[in-house]
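# What the coordinates show
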Amino acid sequence: MRRDVLPTPCYIIDEAKLQSNLKLLHYVEQESGCHILLAQKAFSCFAVYPLIAQYLSGTTASGLYEARLGHEEFRKENHVFAPAYEPGEFEELCLICDHILFNSFNQLEKYRSVWEKAKVSVGIRVNPEHSTQGDHAIYDPCAPGSRLGVTAGNFRPDLLSGVEGLHFHTLCEQNFDDLLSTFSAFEEKFGKYLLQMKWLNLGGGHHITREDYDVEGLIALIRRIREKYNVEVYLEPGEAIALQAGWLDTEVMDIVDNDMKILILDASAACHMPDVLEMPYRPPLKDAGRIGEKPFGYRLSSRTCLAGDVIGDYSFDHEIQIGERITFEDMAIYSMVKNNTFNGMPLPAIAIQHKDGDCQLIRQFGYEDFKCRLS
């Protein structure tokens, strides 16, 4: 199928770029001896799990549904972390996961009899109290008052019986230097406990497949950790796996004028790329620039009723026409898993562009997908 006949809006997975990312991550695994896991909270398009499973060691989940997805569709190592577990779901998690992480010693002890009987490997998430996020506290697990991870002051070495791993996750779209400084803080506070562990999970947020990432530095650090502490090392990136490996194709439905030309798209920031409003950020747009960089400037907006459903201001080399298709880049990560049907907006279709350029439509959504969420 040609890409220009796919329905819009449509998320399109770039198979070639996805495989390129995976090859680099597999290189890190081979050279360092670590295990890299797909963090499904960032990317859960299970149609490409068979491809990802050729290169990575497994998946990690944020709860029961993601854990079930990894168990059913990926079929390799299956890890899970949640700030708290319900009794019914925890029993099922023990059947489908090989590693379970707790956010507190309260939760560890509450379920001790269950996980000890199930013989799963359990770990504790810790908080190194080392912030590297700048002003974005919403993405900073080390921010004051954070609920994520046990601080050194609240750590309970007397309750470590049976605990096999430690975990910290403090990064978001960051390079190796922030991991290195965070590990130093972690080692200072928790290194003595690592000596009695079997594994260490360095969490996610590592932008390993970004062009400027210090891959060799990462490999050297992992080797040093494994040699010094005799532990297996896990990383669980989400974005790095599908970074720059997808697009969102959308169509211009109308053009209105209010001091500037405003494009009404069949895609929405609020519904189809919510991080635009939550972070916020300006998504990259193919063949476009900032206002003033190119001759024709437009505000890109949506057909929802939300006045602030604005994607951003862009400029183009040519005058945009109603019915024209435009393409947002780097849309495989988070946008697909966080989308919603506010205003009754249809969810975008999902397609894969294979390495030969041919496109395969793998899913379309309709009224029933909207209706079944509500009653």
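One can find the structure itself at the top, above this paragraph.
The present account deals with the structure reproduced in this document. (Residues numbered from 1 in each chain as written. Predicted model: local features only at pLDDT ≥ 70, side-chain atom pairs only at ≥ 80, totals over all residues. Heavy atoms only, no water.)

### Points about the packing of aromatic side chains
One pass over the full model with this rule turns up 15 aromatic pairs. Taking the centre distance of 5.6 Å and the plane angle of 35° together, the rings of Phe-90 and Phe-102 count as tilted. Of the two residues, Phe-90 is situated in helix α4 (residues 87-96) and Phe-102 in strand β5 (residues 99-102); the sequence distance between them amounts to twelve residues. Comparing Phe-90 with Phe-102 shows no difference in burial state: the two are buried. Positioned above the aromatic ring of Phe-81 is the side chain of Arg-125, whose terminal nitrogen or guanidinium carbon lies 4.9 Å from the ring centre. (Phe/Tyr/Trp six-rings, centres within 6.5 Å; stacked < 30°, edge-to-face > 60°. Helix = DSSP H or I, 4+ residues; strand = E, 2+ residues; numbered from the N terminus. Buried < 20%, exposed > 50% of the residue type's maximum accessible area, 1.4 Å probe, protein only. Lys NZ or Arg CZ within 6 Å of the ring centre and 35° of its normal.)

### Comments concerning the environment of His-207
Relative to the elements of secondary structure, His-207 occurs in the loop between β8 (199-201) and α8 (215-229). Accessibility expressed as a relative area gives 6% for His-207, which makes it buried. Separated by 69 residues in sequence, His-207 and Ile-138 have C-alpha atoms that sit 19 Å apart. Filtering out sequence-adjacent residues up to four positions away, His-207 remains in contact with Glu-173, Gln-174, Tyr-213, Glu-239, Ala-240 and Leu-243. (Contact = heavy atoms within 4.5 Å.)

### Here's the deal with the nonpolar core
Counting 99 residues, the largest nonpolar core has Ile-100, Leu-166 and Leu-300 as the members making the most contacts within it. Look past the residues within four positions of Ile-100 in its chain and what remains in contact with it is Val-80, Tyr-85, Phe-90, Leu-93, Cys-94, Val-120, Ser-121, Val-122 and Gly-123. Cys-10, Ala-349, Ala-351 and Cys-359 belong to the second largest nonpolar core, which has seven residues in total. (Core = buried A, V, L, I, M, F, W, Y, C linked by side-chain atoms within 4.5 Å.)

### Observations concerning the environment of Gly-123
Relative to the assigned elements, Gly-123 resides in strand β6 (residues 121-125). Spatially, the C-alpha atoms of Gly-123 and Glu-368 are 40 Å apart, while their sequence positions differ by 245 residues. Setting aside its immediate chain neighbours within four residues, Gly-123 contacts Ile-100, Leu-101, Phe-102, Val-163, Gly-165 and Trp-199.

### Concerning the pairing of strand β1 (residues 10-14)
Across the five residues of β1, five count as buried, placing the element largely inside the fold. The alternating pattern of β1 places Cys-10, Ile-12 and Asp-14 on one face and Tyr-11 and Ile-13 on the opposite face, and all of these are buried. Relative to strand β15 (residues 349-353), β1 is paired through five bridges, and the arrangement is parallel. Counterpart to Tyr-11 in the pairing with β15 is Ile-350. Bridge analysis of β1 against strand β10 (residues 246-257) gives four bridges, and the strand direction is antiparallel. Looking at β10, one finds that Ile-13 is bridged to Gly-246. (Pairing = 2+ DSSP bridges.)

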